[in-house]
Each structure stands twice: as C-alpha cells, then as structure tokens.
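Overview (structure and organization)
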Amino acid sequence: MTDWRSIFGHTQPYDEQVDGIETAIETARDGGYTVVEGACGTGKTMIALTAGIDLVRDPDTDYERVLVLTSVKQQLRQFEADLETINENLPDDWNPVSGLTLVGKADVCPYNRAGAGGIDDGNVYDRCESLRERTRDLTGEGGETTPGTLTARARQQQTGLADSGSTGPTGRFLETAGETAAYPPEMPTYGDGGAVGAETEYCPFYAQYLEDLPDEESDSDAAEAVPFDFTSTGMLTPDDLVSRSVRNGTCPHSVMGAALGHVELVLGNYYHAFDPTTTTAFTGALLDDSTFVVCDEAHMLEPRVRDLVSDGVADQRLRDAETELSRVLQPIRFEREGREAQGGSKTADADLVRGELEDSDVSFEELSRTLEFVRDLREELDRRVTAYLDRNHRGWQSNPTELSDAEIPLRDPQEPAVDELTEWAADAGYSDAVWVRAENVGAVVERVLNEAEDEDRTRAAPAVGRVLGEWYRRDHTDYFREIELERTWDETEPTDSWRRAYTARLALHNCVPSDAIGDRLAAFGGGILMSATLEPVDAFTEVTGLDYLADEEDRPVVERRYGLHFPEENRESFAVAAPKFTYDNRGRPGETNPTRTHYADAVARVARLPGNVLVGMPSYAEAEWIAGALEGRIDKPVLLDAASDDETTQSLKNDFFAGEGKVLVTSLRGTLTEGVDYSGDRLSAAVVCGVPIVNTSSPRTTAVRRAYDDAFGDGFEYALTIPAVRKTRQAVGRVIRSAEDVGVRVLLDERYARDSWDSVREYLPDDGEFQPVSSDMLEVGLDRFRSRL
C-alpha cells in the first residue's frame, strides 16, 4: 500500500483534504463513489488527483488510470498544473506520474494549427479522414508504396522548396508549437508515373505514424508507434504533444490515441465518457473498472449528458441524404430504363451499386423505399413548419427578420404519447422496418459514394439513418420529440420559403439522463464527483443514477461537504427580501413599475462599491435592461455581455479586468458566471437578481418537468429550481477565491431570504452565511463592509 502523503503536492494538507483523500481512497477500494461539495479553496483538484494516483500506484488495487472529466477548459489547466506540482514534489526515487490531455483534431493537427495544406477549422475533420484513408490505400495491402516512401517523398518536396527559394502560401517550412516540421506546408502528393493530375494527396504525419506502427502479426500494441517516451515525461499538454510529434514527423492525434490507454492520468471532457460517437471511436478502452473517474464541475453533469445523449437531424442533413440516396439509385434506374441510352460509364456505376448491395443485406427495394421516406419526411417537415408560421405569425413572409427561435412540439409535452411524426409515417404506409433499416441503407450509400469518388468523406445518409432508427426505438416517456427552428438568414432560398429565415431540426430529447449517467458510472471501478454547488446532494445522487448503484449494485456512495474556510471578516453575504423578480411582478424589459425600480436601486447600491462588480440576470434581455438602468445611477463604466462567440466574450472579460473599477452585466446562463477566475482584485462584489429558472413555457422544458415528475416525484424542484439555485451559487462564488480576497455577495429576491411556499433558501449553504435583510438594511450592511476596507 502506498502513502498518499508522498503523492500530495504540498507540504501540509488542509483537514478537509485529509478527510476527502482518505474517504475517496477507502470508498473506491470498495468500488464506490465519493460525492464532494467543497467551497472554493477546499483543494478539490488535489484531493481527486492524490486519491486517484494513490490507487493507481497501489499494487493491491486493479486501478490502472485516473480519468478526469470536466466541462470547463480552465479546470483542465488547473488539473495540469496540479499534476506538475505533484511531480515536482514526488520522492526522488519515484517516476513522475504520466498525464495526457485529450483534445480534438482541430487543436493538434499541424496543418490546421499552421493554416496550411488547405485545412482549417471548418474542414479539418473531413479532410483528416480523407487524407488518412488515401494514405492507407497507398500503403496498405495491395497499395502502390510504403509509409516510409511517402514520408521520404514529403521531405524531398520540402528540400526542393528550400533549394528553389520558394516560400509557398504559408512559408517555406510548416511550423507549429515551436517546431519546424520535416515536411512542406503544402499537402504532398504521390503519383508513380501516372497521368498528369492523377497524383494522390496524402498526410505525411500520418504516413510516419503508420511507418512506426508495429507489425500486425506481433504482440505489440499501437503505443510502440509513439516515437518518444511519454510514460516518464510527466504531464503531456496538447502543445507538448504537438511539439514532440512534429519534431518526430508523426501525427499528434494518432499519437494521442495510441498513448491514452498507457498513461496514469487522462484529462478530458464529459463527451469523452458520455458521447456515444466519441466513446465508440476513440475512448472506449478507458471505460472499464480499471479506471478511477473524476467528474469535476459535477453540477453540470446532468445537463451536459442530457445534451450528449439526445439526438436530432437538421433539414439540410435530410436534404443531403436525399441527394446521396438519389445518386446511388440513379445508375440502376437509368440502366433499367435503357442501358444503351446511358452509356458505359453509367453501366460501371450500376455494377458498383449492385456489388455493394450483394455484399450487404440491403436490397434495391430498401434503397428506393428509404429515398421515398426521406423525401416525404422533408415534405411533411415543410408542411408542419409552414402551418406553424401561418398559425402563429400571420404575414411572416413579408417580415421574416422579425421571427425568433421556436419549438414545434410533436406531442403534448405534458402527456407522454406517440409523436405526430411517427403517426404520420404509419398513416403514410411506412412500416417499422423503414425506420429501423435506414442506418444500414445509409452505410451502403456511404460506401458506394466514397468508392465512386475515391474519397473517404463523412456522408449524411448514415447519420440520418441512425437518427431515424433512434427515433423509432426510443420510448415516448423519457424522450420528447419536436421540431426546432433556429433563426438564420439564407438569401439563396425563395422569398416565400421559411428556409430563408430558419434552419429546422427534428429533435429527439432525452429528458431524464439518469440511466445514461448511472450506466456509465457503473462501468468504472469507482471515483469522485465534486463541485462547489451540489446541494441538495440527495437530489444530485438521484438524478445522476448514483442511488441505483448504491441500492441495486451495493456499491457505496459516500457524501462529504466542506464549507468556505477563508477569513469571515473578508466577506459579507446578503439575501435581500426584495419583491420576487418573476415575470408577473416585473413585466417585460423596458416597463416601468415598482419591482423594476426596486431592483435598479438595489443593484446600483452594490455597483457603487469600490472595484469591479458582477451583475447576474436571469436572461440576456434582462441583462440589457439592468445595464441601461444603471447608466444613469452610477459613475462607473457598465459593460454588457451578450450571447456571442468566445473571442468577443474574452475581449469583454479583458476589458473588465483592465484599469479602474467597472460593472459587468451578464446572463446567469452565459459563460462569465462559471469557470472564470476572478481572483485577487478582479472582483469586489457579485449581485444576482431573481432565481434564474429557465423559460417554463418551452415545450421541451415542460416535457422534462413532466418526465422528472414521473421519475423523481417533483419535476419543478428537480428539473428547474435546484439547477437554477446552483447557477446563482456559481455566480456569487466568483467573489471569494482565496484567503486574501475581499468582497460582497448579494442575492436579490425574497425567495432567497424568507421561508415560503416557493422559497429556495433551503438550497443555500446551511452555514448562516447569507444574512436575510430588508432592502433598506442592505445599504447599512454595505456601509458596514466599506468601513472595514
């Protein structure tokens, strides 16, 4: 048995860390899970890493690795930093703990990073798969050459560029991650004396990886293709991975896949464990009882997994699948209508289609029937969207820019029943087999088109077929089906078509993801789930399936709660008995009424505190309102966040941190109230207005609430209220991040301050931190705090 204190990265652990580490180790030895709500400063990251690494290095356990899952990029950086701290402080005779951060192809592809080879963020996945397929075709059984020859030719092409003085579109050499590649920035081609223009593009990095792979007949695995020692390197960040791979001329993403089963710590996102596509293609080897799993920011586990295990298909994807099916069917149909009239090339295509059909269990009739189904499905989708707009937005064709996102439910969201689209298909004569067989048909279509075009591309037909199969198989209680309309603008569409203003999507929502979460957690050997905002923990264990593991599989689930232990004199926390910030009380943004005046005055009082102040509102519309209301009440600059891209949000955050004190106004459903580091003097106060419950009129929300009623007894509490209070707690938790931080946390809404039928006070920490005060007494409390500064 190892001594976890030899692994712990600091001289002296907190008392909470000692308890957390020892509890997690003991619980995981019995195949169980530790659930930790720990305030900022608890040291949860070090608790999880120390416990997990101790179990992995203990020869008396079967654990081989730690898998960390988090939804926040900043937390990945924290785990990387903490592992480096651990390695720096290990005993001299210990090997460093090996670690690897998983990222997508776009983050590690040398060509994409360098803006070279015709690869960018928009096409990197398809281009990568196509280039890999071509490289394998050139070098595999029956291929024209070898991987070593391809890499040598690529190096020669670079040498030719250098000798000629040519710089190419991106420079003479491909450079990224501080390394200069052995290959040119242009994608190399191979042609063995064939016709001009018949050369085949290939990826030299992937060719080198294939060259380094051990012989298929040997007992070695793919890890031997990694040309550097990754097991004694310590933490291998994405930049480290790219740098070392490019230095050796090999593919970083392939190296990542080869190494991930052989390191002691793997850092990733929730989709690495819960997304069906990712787990099937990439991370499946990690999902067994030899893995100790860490779910960080675990309050987001339920909503993140709900999205990952839901499904859907866009109208454009249906259109593409229809086109692909037509292209595969056309040669046979033309041949039947008159072989001689279509010429030899069509006959050759027909032979290809027949050959693929003979090699599969799909018939020509099934291809034809699937095409008819997809075509009719698009027509039915068009009919339903048009009818919805005619019914709810008369004259929409003349004012399409005034339309907004919308949902068209395919059943009453309050009553589980078969959806209207399924009923339409049955009435139209489409049998169950058409739904179920669509994925098999799609697979044949993809093979035919890729072989015909000599290009390994991701086609629409298989994905559409998979969704159609899931649509048929999934039940109508836990799953909700609807049409989603997202506002866009496409001037290529006819002026009288809704497609000019909208993209439509057939959506299959998993309302209750507890089974999906519980089943995956059951596959691991044990682990720890942690966050600063898990309360009430009994509700958390229900909705994540942990209760099932404890009750049905007799695996221990142990709870721990650790409060804020920074100096109390450095903070003030108020729950203000302001009128409820509900729609009935406040009305629409822009209205003038006593409730809005009350909130504008109260927020202004907090905003006048020295330093930066964060204001969290239930929506972006309300954020825009309060920002305007503050303009005439305070002297500080007011920055308004809006739904935008990452670059814009980062720029806004940098503006907020720079210079003198400002007010940043945002939605509690945005990205600035969770996972952002406001330590030091970056934030002096945070104020939250109202309880940020999602729009309860949404059909999807209504369906989730009804499904939670059936599963847990109180859908409003479990699906809406508890997640809303966690959003609030995350926002005000930005203020105090260390023992030196000083600040104020304010919750504006009487539901935080008083016990009543709709009170949420029971979901706040049971430590007396948030003092219930009247609006008048808020100013007194703020003055008291100012006097201590």
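What you see is a predicted model, and the numbers here were worked out from it, not measured in a lab. (Residues numbered from 1 in each chain as written. Predicted model: local features only at pLDDT ≥ 70, side-chain atom pairs only at ≥ 80, totals over all residues. Heavy atoms only, no water.)

Before going further, it helps to spend a moment on the sheet that holds strand E19 (residues 638–640). What holds strands together in a sheet is hydrogen bonding between their backbones, with the strands either parallel or antiparallel. Here seven strands make up an open sheet; going across it, the order is E19-E20-E18-E21-E22-E17-E23 and the pairing parallel. The sheet is open, and its two edges are formed by E19 and strand E23 (771–773), each paired on a single side. Taking each pair of neighbouring strands and ignoring which way they run, the sheet shows an average axis angle of 20°. Running at roughly 170° to strand E21 (residues 685–689), helix H24 (residues 594–607) makes contact with strand E18 (613–617), strand E20 (663–667), E21 and strand E22 (743–748) of the sheet. Along the sheet, helix H26 (residues 646–657) contacts E18, E19 and E20; its crossing angle with E19, the most-contacted strand, is approximately 165°. (Pairing = 2+ DSSP bridges. Helix = DSSP H or I, 4+ residues; strand = E, 2+ residues; numbered from the N terminus. Axes fitted to C-alpha atoms, helices over the stretch in contact; angles between N-to-C directions. Contact = heavy atoms within 4.5 Å.)

By size, the foremost hydrophobic cluster in this structure holds 68 residues, and its most contacted members are Tyr111, Phe205, Cys295, Leu521 and Leu529. With five residues, helix H9 (residues 204–212) is the single largest residue contributor to this core. Those residues in contact with Leu529 that lie beyond four places of it in its chain are Tyr33, Thr34, Val35, Val36, Cys295, Ala298, Leu301, Leu521, Leu534, Phe540 and Leu546. By size, the runner-up hydrophobic cluster in this structure holds 54 residues, among which are Val313, Val374, Ala438 and Leu508. (Core = buried A, V, L, I, M, F, W, Y, C linked by side-chain atoms within 4.5 Å. Buried < 20%, exposed > 50% of the residue type's maximum accessible area, 1.4 Å probe, protein only.)

Another point: the sheet that holds strand E14 (residues 502–510). A sheet is described by the order of its strands in space; here four strands give the open sequence E11-E14-E13-E12, paired in antiparallel fashion. Two strands in the sheet have a free side with no partner beyond their single neighbour: strand E11 (311–314) and strand E12 (406–409). Put simply, the sheet's adjacent strands are angled 25° from each other on average, direction ignored. Here strand E13 (residues 479–487) pairs with E14 via nine bridges, running antiparallel. Bridge pairing in E14 places Phe480 opposite His509. Against the sheet, helix H19 (residues 460–473) makes contact with E11, E13 and E14, and its axis sits at roughly 130° relative to E11, the strand it touches most. Taken strand by strand, helix H27 (residues 699–712) contacts E12, E13 and E14, and its axis lies near 160° from that of E13.

So, about the side chain of Thr50. Mapped onto the elements of the fold, Thr50 is located in helix H3 (residues 44–57). Thr50 gets classed as buried once you look at its relative accessible area, which sits at 0%. Only 2.7 Å separates the side chain of Thr50 from the backbone oxygen of Met46, close enough to count as a polar contact. With residues near it in sequence (within four places) discarded, Thr50 still touches Trp4, Ile7, Phe8 and Ile21. (Polar contact = N/O pair within 3.5 Å; in protein donor to acceptor, adjacent residues only side chain to side chain.)

Time to look at the packing of aromatic side chains. Taken as a whole and assessed by the stated rule, the structure comprises 16 aromatic pairs. When the centroid spacing of 6.3 Å and the interplanar angle of 40° are considered together, the rings of Trp424 and Tyr430 count as tilted. Both residues of the pair, Trp424 and Tyr430, belong to the buried class. On the basis of an interplanar angle of 80° and a centroid distance of 5.6 Å, the ring pair of Phe657 and Tyr678 is categorised as edge-to-face. Here the residue Phe657 occupies a position in helix H26, and Tyr678 occupies one in the loop between E20 and E21, the gap between them amounting to 21 residues. Among the residues examined, Phe657 registers a relative accessible area of 22% and is labelled partly exposed. The exposure class of Tyr678 is buried, given its relative accessible area of 0%. Aromatic ring contacts, followed pair by pair, group Phe373, Trp424, Tyr430 and Trp435 into a single cluster. A cation over an aromatic ring shows up here: Arg586 above the ring of Phe581, its NZ or CZ 4.8 Å from the ring centre. Directly above the ring of Phe657 sits Arg682, whose terminal nitrogen or CZ lies 4.4 Å from the centroid. (Phe/Tyr/Trp six-rings, centres within 6.5 Å; stacked < 30°, edge-to-face > 60°. Lys NZ or Arg CZ within 6 Å of the ring centre and 35° of its normal.)

What follows deals with the confidence of the model for the protein chain. Averaged over every residue, the pLDDT of the protein chain is 91; residues scoring 70 or more account for 95%. Per-residue pLDDT stays below 50 along residues 162–171; that stretch engages in 13 contacts with residues further than four places along the chain or on separate chains. Predicted confidence for residues 340–348 stays below pLDDT 50, and this span has six contacts to residues more than four positions away or in other chains. (pLDDT = per-residue confidence, 0-100.)

Moving on, we come to the pairing of E13. Pairing geometry for E12 and E13, over four bridges, is antiparallel. If you follow Ala406 over to E13, its bridge partner there is Leu485.

Let us look at the environment of Ala39. In this fold, Ala39 is placed in the loop between strand E1 (33–38) and H3. Here the alpha-carbon distance between Ala39 and Ala532, two residues 493 residues apart in the chain, equals 4.8 Å. Apart from residues no more than four positions distant in its own chain, Ala39 is found in contact with Lys44, Ala532, Tyr562, Gly563 and Leu564.

Throughout the structure, instances matching the rule amount to three cavities of 30 Å³ or more. Roughly 140 Å³ of volume is contained in the largest cavity. For the lining of the largest cavity, the secondary structure elements donating two or more residues are helix H5 (105–108), helix H6 (110–114), helix H7 (124–139), H9 and helix H11 (252–259). With four residues, the single largest contributor to the lining of the largest cavity is H7. Residue classes in the lining of the largest cavity are distributed as 13 nonpolar, one polar and two charged. One number sums up the size of the second largest cavity: a volume of about 50 Å³. Surrounding the second largest cavity, Ala321, Leu325, Thr370, Val374, Ala438, Val441, Gly442, Ala461, Val464, Gly465 and Leu468 form its lining. Taken together, the residues that form the lining of the second largest cavity break down as eight nonpolar, three polar and no charged. (1 Å grid on protein atoms, 1.4 Å probe; cavity = no way out; pocket = protein on both sides within 12 Å on 5 of 7 lines; lining within 4 Å. Points joined across faces, edges and corners; volume = space filled by probe spheres on them. Nonpolar A, V, L, I, M, F, W, Y, C, P; charged D, E, K, R; others polar.)

It is worth spelling out the environment of Leu403 at this point. Looking at where Leu403 falls in the secondary structure, it is placed in the loop between helix H16 (364–392) and E12. Residue Leu403 is classed as buried on the basis of its relative accessible area of 8%. Counting along the chain gives 180 residues from Leu403 to Ala223, while the straight-line C-alpha distance between them is 53 Å.

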